[in-house]
Amino acid sequence: MEAEARRVHRGFLSRVERGRPWVTLKAAATLDGKTALLNGSSKWITGPQARLDVQRLRAAHCAILTGSGTVLADDPQLTVRELPIAVQPWRVVLDGELRTGPAARVYQDGRALLAACAMDAGKLAAFGARGVETLALARRDGKADLADLLAQLAGRGINELMVEAGAGLNGAMLRAGLVDEIVLYLAPSLAGDAARGLFAWPALTDLADKVALDIVDAGKVGADLKLVLRPRGA
Ligand SMILES: NC(=O)C1=CN([C@@H]2O[C@H](COP(=O)(O)OP(=O)(O)OC[C@H]3O[C@@H](n4cnc5c(N)ncnc54)[C@H](OP(=O)(O)O)[C@@H]3O)[C@@H](O)[C@H]2O)C=CC1
Ligand SMILES: Nc1c(N[C@@H]2O[C@H](COP(=O)(O)O)[C@@H](O)[C@H]2O)[nH]c(=O)[nH]c1=O
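Since the model is a prediction, treat every value here as computed from it, not as a measurement.

## Details of the nonpolar core
As a rule of thumb, nonpolar side chains are buried together in soluble globular proteins. Leu65, Leu153, Met173 and Leu184 are the most contacted members of the largest nonpolar core, which totals 33 residues. Excluding residues that lie within four positions of it along the chain, Met173 makes contacts with Val23, Leu65, Leu146, Leu150, Val163, Leu178 and Val179. One finds Val71, Val93, Leu98 and Val221 within the second-largest nonpolar core, a separate group that totals 23 residues.

Spelled out as structure tokens, the structure:
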């Protein structure tokens, strides 16, 4: 209960004081940090107990943010299905250029928001017909402005946001300094160099530029490791 109260408190404070939700990024990876194979296959990396833990994590968040790449590759639902909850978290899909379609599973339950830059009236009407509301985002350096997205979610009362996306959105969120905590499930397996990583990142030439993290918690969930990490200095 105490942990729960602290969590609600930090989300509320983040929204009120920083104008954006508290952002927890969840990822499931092999021990060599791979989240999907080159062909996009990723089901499943972690075991059933870790995946049930993810259901708890989803249930504790106001909204789940994913990217267009994940919707196109996985057609995920991103819902809470194995725990009794009254209301599903909102699902927010960042799809700047409207590459996904309204038939995707994530849009089917009336609790999904589409965050886009391209304002194609015909396409947006098709989403609207499914009950999917659009958040119109500003562009920054040609891509969706992620700070604008978080500000708009805060404006809708979202305190706690969970990012469940591929390396593209994970990397962009982290590079923008918009990740407060990372919950990383690590499966005791290896997928090899050719598989996809956790965070899309420009090549570094100086190790001083690496992203330093603090380990807040570490433990086992079923056969997998669970690490809770925070960007150092955040
Ligand atoms: N193991 C795991 O935990 C998970 C694995 N996956 C796997 O990941 C793969 C998909 O990864 P990926 O293609 O990277 O998909 P993502 O879901 O991360 O989609 C890329 C997203 O990043 C956005 N983006 C990229 N760069 C920027 C930027 N500079 N500023 C703002 N937004 C940016 C794109 O926006 P735009 O739409 O505007 O281009 C898009 O929304 C799949 O194979 C899936 O199975 C996915 C989720 C979890
Ligand atoms: N592969 C992988 C995960 N992947 C995430 O789960 C999504 C599918 O969710 P759903 O459609 O609700 O079942 C998928 O698109 C991706 O975001 N999660 C994990 O805990 N472990 C895993 O091994």
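## Re the sheet that holds strand 10 (residues 213–221)
Spatial ordering of the open sheet is given by 5-4-3-2-8-1-9-11-10, a layout of nine strands whose pairing is mixed. Of all the strands in the sheet, the pair left with one neighbour each is strand 5 (133–136) and strand 10. Mean inter-strand twist for the sheet, computed between neighbouring axes without regard to direction, equals 25°. As judged from the four bridges shared by strand 4 (residues 112–116) and strand 5, these two strands associate in the parallel manner. Among the inter-strand pairings, Leu113 is bridged to a residue of strand 5, identified as Glu133.

## Some details on the site of ligand 1
Ligand 1 sits among 28 residues. The nearest are Ala28, Ser68, Thr70, Lys143 and Gly168. In this structure, Thr70 approaches ligand 1 through a side-chain N or O atom, which is 2.6 Å from an oxygen atom. Listed by contribution, the elements that provide at least two residues to the shell around ligand 1 are strand 1 (22–30), helix 3 (68–74), strand 7 (143–144) and helix 6 (167–175).

## Focus on the pattern of salt bridges
Counted according to the given criterion, the structure contains 14 salt bridges. A salt bridge links Asp180 to Arg18, with the shortest nitrogen-to-oxygen separation between them at 3.1 Å. Placement of Asp180 in the loop between helix 6 and strand 9 (181–187) and of Arg18 in helix 1 (residues 2–18) is noted, with a sequence separation of 162 residues between them. Relative accessible area serves as the criterion here: at 5%, Asp180 is assigned to the buried category. Residue classification places Arg18 among the partly exposed positions, given a relative accessible area of 42%. For Arg56, the salt bridge goes to Asp53, with nearest N and O atoms at 3.0 Å.

## Quick word on the confidence of the model for the protein
Counting all residues, the mean pLDDT for the protein is 95, and 97% of those residues have values of 70 or more. Scored by ipTM, the complex comes to 0.99, with pTM at 0.97.

## Some details on the side chain of Asp95
Examined against the element boundaries, Asp95 turns out to sit in the loop between strand 3 (90–94) and strand 4. Comment: no salt bridge for buried Asp95; closest opposite-charge side chain is Arg99, at 4.7 Å. Apart from residues no more than four positions distant in its own chain, Asp95 is found in contact with Ser68, Thr100, Leu114, Ala115 and Ala116.

## Let's talk about the site of ligand 2
Neighbouring residues of ligand 2: 17 residues in total, closest Lys26, Ser42, Ile45, Thr46 and Asp74. One of the side-chain nitrogen or oxygen atoms of Asp74 is found 2.8 Å away from an oxygen atom of ligand 2. Protein chains shield 92% of the accessible area of ligand 2, which is 520 Å² for the free molecule. Sorting elements by how many residues they give to the shell around ligand 2 places helix 2 (residues 48–59) first, with three residues. For the shell around ligand 2, the class distribution of residues is six nonpolar, five polar and six charged.

## A few points about the environment of Ile45
Within the secondary structure, Ile45 is located in the loop between strand 1 and helix 2. The spatial distance from the C-alpha of Ile45 to the C-alpha of Leu190 is 9.8 Å, given a sequence separation of 145 residues. Beyond its immediate chain neighbours, meaning those up to four positions away, Ile45 contacts Ala28, Ala29, Thr30, Lys34, Thr35, Ala36 and Ala187.

## Structural notes on a nonpolar patch on the surface
Side chains of Trp201, Leu204, Val211 and Leu213 sit close together on the surface and give an oily, nonpolar patch of about 300 Å² of accessible area. Here Trp201 shows up in the loop between strand 9 and strand 10.

So, how was this worked out
- Numbering of residues starts from 1 in every chain and runs along the sequence as written.
- Chain letters and ligand numbers both follow the written order, the letters beginning at A and the numbers at 1.
- Note on the predicted model: pLDDT of at least 70 is required for a residue's local features to be given, and 80 or more for side-chain atom pairs to be given and counted; whole-chain, interface and lining totals, by contrast, use all residues.
- Working from all heavy atoms in the structure, the side-chain values ignore hydrogens and water.
- Residues enter a nonpolar core if they are buried and are Ala, Val, Leu, Ile, Met, Phe, Trp, Tyr or Cys, with the set joined through side-chain atoms within 4.5 Å.
- Working definition: with a 1.4 Å probe on protein chains only, accessible area under 20% of the residue-type maximum means buried, over 50% means exposed, and in between means partly exposed.
- Residue contacts follow a heavy-atom distance rule, with two residues in contact if any of their heavy atoms lie within 4.5 Å.
- A pair of strands counts as paired when DSSP detects no fewer than two bridges linking them.
- Under the DSSP-based scheme used, a helix requires at least four consecutive residues in state H or I and a strand at least two consecutive residues in state E, with every element numbered from the N terminus.
- In this analysis, axes come from line fits to C-alpha atoms, helices being fitted only over the stretch in contact, and the angle between any two N-to-C directions falls in the range 0 to 180 degrees.
- If even one non-hydrogen atom of a residue comes within 4 Å of a molecule or strand, that residue is called near it.
- Polar contacts, as used here, are pairs of N or O atoms within 3.5 Å; protein pairs need one atom able to donate a hydrogen and one able to accept it. Residues neighboring in sequence count only if both atoms are side-chain atoms.
- The term salt bridge refers to a pairing of a side-chain nitrogen on Lys or Arg with a carboxyl oxygen on Asp or Glu at a separation within 4 Å.
- Every residue is assigned a pLDDT by the predictor, reflecting its confidence on a scale from 0 to 100.
- As used throughout, the charge tally considers Lys and Arg to be positive and Asp and Glu to be negative, leaving His and the chain termini uncounted.
- For accessible areas, the Shrake-Rupley method is used with a probe of radius 1.4 Å. Any residue's cover is judged against the shown protein chains and nothing else.
- Residue type decides the class: Asp, Glu, Lys and Arg count as charged, Ala, Val, Leu, Ile, Met, Phe, Trp, Tyr, Cys and Pro as nonpolar, and the leftover types, Gly among them, as polar.
- Patch membership is restricted to residues that have no salt bridge and whose relative accessible area is over 30%. Joining uses 9 Å for like charges and 5 Å for the nonpolar side chains Val, Leu, Ile, Met, Phe, Trp and Tyr.

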